[in-house]
2 protein chains.
Amino acid sequence: MKAIEFYFDFGSTYSYLSVMRISDLAKQFDRKVIYKPILLGPIFKSLGWETSPFNLYPLKGRYMWKDLERRAEKWKIKFRKPTLFPANGLYAARIAVANKDEPWCVSFIEEVFRANFELNLDISSEEVLTGILGRIQNLDPDFILQTSGEPSNKNKLRIETELAKERGVFGAPSFFIQEEMFWGDDRLEDASLVGM
Amino acid sequence: MKAIEFYFDFGSTYSYLSVMRISDLAKQFDRKVIYKPILLGPIFKSLGWETSPFNLYPLKGRYMWKDLERRAEKWKIKFRKPTLFPANGLYAARIAVANKDEPWCVSFIEEVFRANFELNLDISSEEVLTGILGRIQNLDPDFILQTSGEPSNKNKLRIETELAKERGVFGAPSFFIQEEMFWGDDRLEDASLVGM
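The following paragraphs examine the structure supplied in this document.

Cut-offs and rules
Numbers given to residues run from 1 along each chain, matching the order in which its sequence is written. Lettering of chains starts at A and numbering of ligands starts at 1, both following the order in which they are written. With the structure being a predicted model, the display of local features is reserved for residues of pLDDT at least 70 and the display and counting of side-chain atom pairs for 80 or more, all residues being used for whole-chain, interface and lining totals. Based on all heavy atoms of the structure, the side-chain values leave hydrogens and waters out of the count. By definition, any uninterrupted DSSP run of H or I lasting at least four residues is a helix, any uninterrupted run of E lasting at least two residues is a strand, and each is numbered from the N terminus. What the globule rule says is 2.2 Å times the number of residues to the power 0.38, and the radius of gyration is computed from C-alpha atoms. Type-normalised accessible area, obtained with a 1.4 Å probe on protein chains alone, sets the label of each residue: buried when under 20%, exposed when over 50%, and partly exposed for intermediate values. Residue contacts are defined here by distance: any two heavy atoms, one from each residue, within 4.5 Å place the two residues in contact. A 1.4 Å probe and the Shrake-Rupley method give the accessible areas. Residues count as covered only by the protein chains that appear here. When two components associate, each loses some accessible surface as probed by a 1.4 Å sphere; the sum of these losses over both components is called the buried area. By salt bridge we mean one thing: a side-chain nitrogen of Lys or Arg within 4 Å of a carboxyl oxygen of Asp or Glu. We define a polar contact as two N or O atoms separated by no more than 3.5 Å, with the added condition that, inside protein, one atom must be a possible hydrogen donor and the other a possible acceptor, whereas residues neighbouring each other in sequence contribute only through side-chain atom pairs.

Some points on the overall build of chain A
Each helix and strand counted, chain A has 10 helices and 4 strands in total. Listed N to C, the secondary structure of chain A is β-α-β-α-α-α-α-α-α-α-α-β-β-α in terms of helices and strands. Here the C-alpha radius of gyration of chain A, 16 Å, is about what a compact globule of 196 residues would show, namely 16 Å. With 196 residues in all, chain A has 55% of them scored as buried. The long-range fraction of contacts in chain A, counting pairs at least 24 apart against all pairs at least 6 apart in sequence, stands at 72%. Of the roughly 9400 Å² of accessible surface on chain A, a fraction of 51% belongs to carbon and sulfur atoms.

Put into structure tokens, the structure is as follows:
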């Protein structure tokens, strides 16, 4: 079964669409999804952007929200424009990195994205993250928050982000089938089809 | 019959894909296409970019050429990476503006794009433009070049570009169905479907 590596940032709008679509598509195309949370912040900084290009360029931003609304409707994904954009996904990303092999990790990722883009909750808040973790199986949120904040785990997220940049990632979502890269939710189907 | 307004720049890579696809799609969806040549240069300048973002951000540029190759293959459009990018489409745009109601204008637009992205010719060269005009029906290339360079026509192109920006255009291709905007060749189908 060919793997599809899926780079995303918890604050990224089009990553939301892909997170909500990729499980079904992977089943349909018989792909294993490898979730790769990264931080777009350092990648944008290296391009000279201090925040999301959607904030730097208001025309682009205004269009993006309209487009996102249309795409969410097309894919039947619930969407509400968050008050805060881009949300700070640092803590959520650390939790996802530390627990990438846990069976509940994909549910956690999906729930954090829903919190941000459907429920308009602040995903940088410990309370929101604890709430999500508490609702998934028999997890111990405090233990999870603590281990994900350890220096070795923080470093893992930094390295994943650095590696992504070295592979050519400049935005999210980005997909890799081996070394072939696809950028944007619009390319998820094409990525899934490689080698079929 | 609902009109689709199609903003493009002769140097824009994804505009090439749309130019080669839009006639068939318009027939299929019973749309009238209104071709709107503009210059991305002044629009990019207002965003603080001195050239195409694909040149300003090499990671983005490298990906774009790869993506364009894949998309061209998908749509069965011949494509060769031009030596010069972005090409200067100023003279071609002036000709298209001056002759927008001529029955040969769409062929001219298509042939200029093919010259740039299939044949790797310099579309800012008078010789190349004269050659294209000469191959279309019984045209007088010298007369056309001369009238398209008149101040009133130059001004028309400036105004079209300014209006596009005011409507929210920040890149090309962009499509409008009345005041609903769609950006990018990836949205041509969605734009064609509005109100169907």
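So, unusual backbone geometry
The omega torsion across Phe85 of chain A and Pro86 of chain A is -10°, close enough to zero to call that bond cis. Relative to the helices and strands, Pro86 of chain A is located in the loop between helix H4 (58-74) and helix H5 (90-98). At the junction of Ala172 of chain B and Pro173 of chain B, the peptide bond is cis and its omega measures out at 0° in the coordinates. With respect to the helices and strands, the residue Pro173 of chain B is situated in the loop between helix H9 (151-167) and strand S3 (174-177). Unusually for a residue other than glycine, Asp30 of chain A sits at a positive phi of about 55°.

Describing the interface of chain B and chain A
Of the residues lining the interface, 24 residues belong to chain B; the matching set on chain A comes to 24 residues. Buried surface at the junction of chain B and chain A, both sides included, amounts to about 2200 Å², of which 53% is carbon and sulfur. On the surface where chain B and chain A come into contact, there are 10 salt bridges. Close ionic contact of Asp67 of chain B with Arg187 of chain A constitutes a salt bridge, the shortest N to O distance being 2.8 Å. Our count for the chain B to chain A interface comes out at 16 residue pairs in polar contact (both at pLDDT 80 or more). Every element with two or more residues in the side of chain B that touches chain A is listed here: helix H4 (58-74), H9 and strand S4 (180-183) of chain B.

By themselves, these observations are geometric and do not establish any function.
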